[in-house]
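Results of the structural survey
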Amino acid sequence: MSVVEETAGLRQEVTELLQALIRADTVNPPGNETRAAQILVDYLAECGIQSGLIARVPERANLVARIPGAGGPSLAFLCHTDTVLADPAEWERDPWSGELVDGEVWGRGALDMKGQVAASAVAFASLQREGFVPSGDLLFIAVADEEVGDGYGLRWLVEAHPEAVRCDYALNEGGGDRLVLGGRPVYLCATAEKMSAPFLLRVHGRSGHASMPGIADNALVKASRYVDALAAYEPEPELIPEAQGFLEAVLGEAPPLEEALQRANELHPMLGALVQPLLALTLSPTMIEASRKRNVIPAVCEVTVDCRLLPEQTPQDAEPLVRAVLGEGDYELEWIEAVGGTRSPLETPLWDAVASFVQELEPGAVLAPIACPGFTDSHFLRESFGTVAYGFFPVKAMDPVLATTLVHSANERVPVDDLEAGVHMLRHVTRSLLG
Ligand SMILES: [Zn+2]
């Protein structure tokens, strides 16, 4: 079979597989990811690949398939099969139709992330059909329960079945967006993520009748100045490796931070907003609770603050900063949780493999690292096995701003051109890394 024929075949194959996956409703909650896992089991079986379902409860299966290698470092295609919900009333088409319209496949999960699930399965199966023998194991891991994280997906697998999912390298969601900066295309690769570490700010006062404010000490009023202080906070920027790597890739050199930021801003108006979360923790007050009665002045006011820490920063590191922002006062801080926040190194064979794909996809384009502001399953592999896990799936045909707005929103769809590029990326990376 010629290269052209093989390419055309894979394009068709990934489109049809994605359509089938979208038609299997896996909205989480409740998930029902076994529906998607079974489609993948059947598809892989047609290509002569045996895969295993590993499930805590029958309706929420995770799928793992493996092409055994010769003992070298292993590579996993990691993805999740659940989706967030969709309200059909907001959509122009049925969210579970999988319709192909003007070269785009429509439906919930097309971008996040059944498109990458389908591309991973097709890349995996096509390599097996060609008789490719990897130097290390090649794994395809399609997990349940990423969107909610109730303990049915990768968080559970790394503890209950570590040998099934242990890997040295992994490619997951979280990156692949294309920006044109100073005339040069830049593809983003997610090599780290920020830690989600929200906290409660509990402000104390003294209750009293609202008709006589002078006799009370209103905790809500006191809290307002802390909310102002949190909103006005401008953290001291810190050049973490991901920000340094990003600025170097974009500017071609690493000038001092302030100059780098200014030059980045001049390159693209969106760049400042993109780089800023990479430079420091962020503090966003989002919820407030005080008195439950109109005529009672509250003795306590609780403000929930969404806080995102830099990779490897901890709440213990952040607390003195937060206290300095708030100043002295009658309040306490209570950290609610601390999730994510891991990073992988930047100079790795996986990086080189993705970078060489980007060169092939678009000569002159560069790959730039980024830390995801949000959480992905890459965190569990990094934390459990020290896996080098990157988020990358090329978004070339679709405008990245449009793609970002469609994720978790109405009218989600993916261009078949991007699906096809994704299949090529996964095949290219596998051949470079495990060839
Ligand atoms: Zn996702």
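Scroll up to find the structure.
This is a predicted model, so every value here is computed, not measured.

About the cut-offs
- Residues numbered from 1 in each chain as written.
- Predicted model: local features only at pLDDT ≥ 70, side-chain atom pairs only at ≥ 80, totals over all residues.
- Heavy atoms only, no water.
- Donors = N, O, S within 2.8 Å, 3.2 Å for Na, K, Ca; no water.
- Tetrahedral: all angles 85-135°; square planar, octahedral: opposite > 155°, others 65-115°.
- Helix = DSSP H or I, 4+ residues; strand = E, 2+ residues; numbered from the N terminus.
- Buried < 20%, exposed > 50% of the residue type's maximum accessible area, 1.4 Å probe, protein only.
- Core = buried A, V, L, I, M, F, W, Y, C linked by side-chain atoms within 4.5 Å.
- Pairing = 2+ DSSP bridges.
- Salt bridge = Lys/Arg side-chain N within 4 Å of Asp/Glu carboxyl O.
- Contact = heavy atoms within 4.5 Å.
- Axes fitted to C-alpha atoms, helices over the stretch in contact; angles between N-to-C directions.
- Polar contact = N/O pair within 3.5 Å; in protein donor to acceptor, adjacent residues only side chain to side chain.
- Phe/Tyr/Trp six-rings, centres within 6.5 Å; stacked < 30°, edge-to-face > 60°.
- Lys NZ or Arg CZ within 6 Å of the ring centre and 35° of its normal.
- Expected span 1.5 Å × (residues − 1).

1. A few points about the coordination of the zinc ion
In this structure, H80 (NE2), D112 (OD), E173 (OE) and E173 (OE) serve as the protein donors to the zinc ion, at separations of 1.9 to 2.7 Å. Coordination at the zinc ion is irregular, judged from the four donor atoms that bind it and the angles of 53 to 148° they form at the metal. Look at where the donors of the zinc ion fall in the sequence and you get H-x31-D-x60-E. Taken as a pair, H80 in strand β3 (residues 72-80) and E173 in the loop between β7 (169-172) and β8 (178-181) lie far apart in primary sequence, 93 residues in all. For the pair shown, H80 and E173 are each scored as buried.

2. Some points on the nonpolar core
Core analysis: the biggest nonpolar cluster contains 62 residues, and F140, L350 and F392 have the highest contact counts within it. Broken down by element, this core gets its largest block of residues, eleven residues, from helix α3 (residues 110-129). Membership of the second largest hydrophobic core comes to 25 residues, among which are A190, L247, A264 and V275.

3. Details of the pairing of strand β6 (residues 136-143)
Most of β6 is tucked away: eight of the eight residues are buried. Pairing geometry for strand β2 (residues 62-67) and β6, over five bridges, is antiparallel. Across the sheet, the residue bridging to A65 is F140, located in β6. Pairing of β3 with β6, which is carried by seven bridges, proceeds in the parallel orientation.

4. What about the pattern of salt bridges?
The final tally for this structure, using the stated rule, is 25 salt bridges. A salt bridge links E412 to R108, with the nearest nitrogen and oxygen atoms 2.6 Å apart. One end of the pair, E412, is in the loop between α13 (400-406) and β20 (413-415); the other, R108, is in the loop between β5 (104-106) and α3, with 304 residues separating them in the sequence. Each member of the pair, E412 together with R108, is buried.

5. Overview of the sheet that holds β5
In space, the three strands of this open sheet follow the order β4-β5-β20, with antiparallel pairing throughout. The open sheet is flanked by β4 (100-101) and β20, the only strands paired with a single partner. Where β4 and β5 come together, two bridges link them in antiparallel fashion. Counterpart to V101 in the pairing with β5 is E104. Those strands touched by helix α14 (residues 416-434) are β4, β5 and β20, and its axis lies near 65° from that of β20.

6. Some remarks on the side chain of T26
The topology assignment puts T26 in the loop between α1 (3-23) and α2 (34-46). For T26, a relative accessible area of 0% corresponds to the buried category. A distance of 2.8 Å separates the side chain of T26 from the backbone oxygen of T81, its partner in a polar contact. With residues up to four places along the chain from it excluded, the contact list for T26 reads G31, N32, E33, A36, T81, D82, T83 and K114.

7. Concerning the environment of R431
Along the chain, R431 falls in helix α14. Among all residues touching R431, those that are not within four sequence positions of it are L127, E130 and F132.

8. Considerations on the environment of S97
For S97, the position within the fold is in the loop between β3 and β4. Not counting the four nearest positions on each side in its chain, S97 is found in contact with I22, R23 and W106.

9. Observations concerning the packing of aromatic side chains
Counting across every chain of the model gives six aromatic pairs. A ring pair is formed by F199 and W335, whose centres lie 4.9 Å apart and whose planes are at 55°; its orientation type is tilted. In this pair, F199 sits in strand β11 (residues 199-204) while W335 sits in strand β16 (residues 331-335), placing the two residues 136 residues apart along the sequence. Their ring planes at 90° and their centres at 6.0 Å tell us that W351 and Y390 sit as a pair that is edge-to-face. Taken as a pair, W351 in helix α11 (residues 349-361) and Y390 in strand β19 (residues 388-391) lie far apart in primary sequence, 39 residues in all. The exposure classification of W351 matches that of Y390, with both residues buried. A cation over a ring is seen here: R93 above W106, with NZ or CZ 4.9 Å from the ring centre. The positively charged end of R225 is found above the aromatic ring belonging to Y226, 5.6 Å away from the centroid.

10. Here's the deal with α2
Here α2 contains 13 residues, and its C-alpha end-to-end distance of 18 Å stays within 8% of the 18 Å for a straight helix at 1.5 Å per residue. Taken together, the buried positions of α2 are occupied by T34, A36, A37, L40, V41, Y43 and L44. One or two residues past the end of α2 sits G48, with phi positive at roughly 80°.

11. With respect to the side chain of H80
Residue H80 is classed as buried on the basis of its relative accessible area, which comes to 1%. A distance of 3.1 Å separates a polar atom in the side chain of H80 from a polar atom in the side chain of D112. Reaching out from H80, the side chain makes a polar contact with the side chain of E146 at a distance of 3.4 Å. H80 has contacts with D112, M113, V117, V143, E146, E147 and E173, leaving out every residue within four places of it along the chain.

12. Some remarks on the environment of G422
You can see G422 is positioned in helix α14. Along the chain, G422 and S120 lie 302 residues apart, while their C-alpha atoms are 8.0 Å from each other. Residues in contact with G422, not counting those within four places in the same chain, are A119, F393 and P394.

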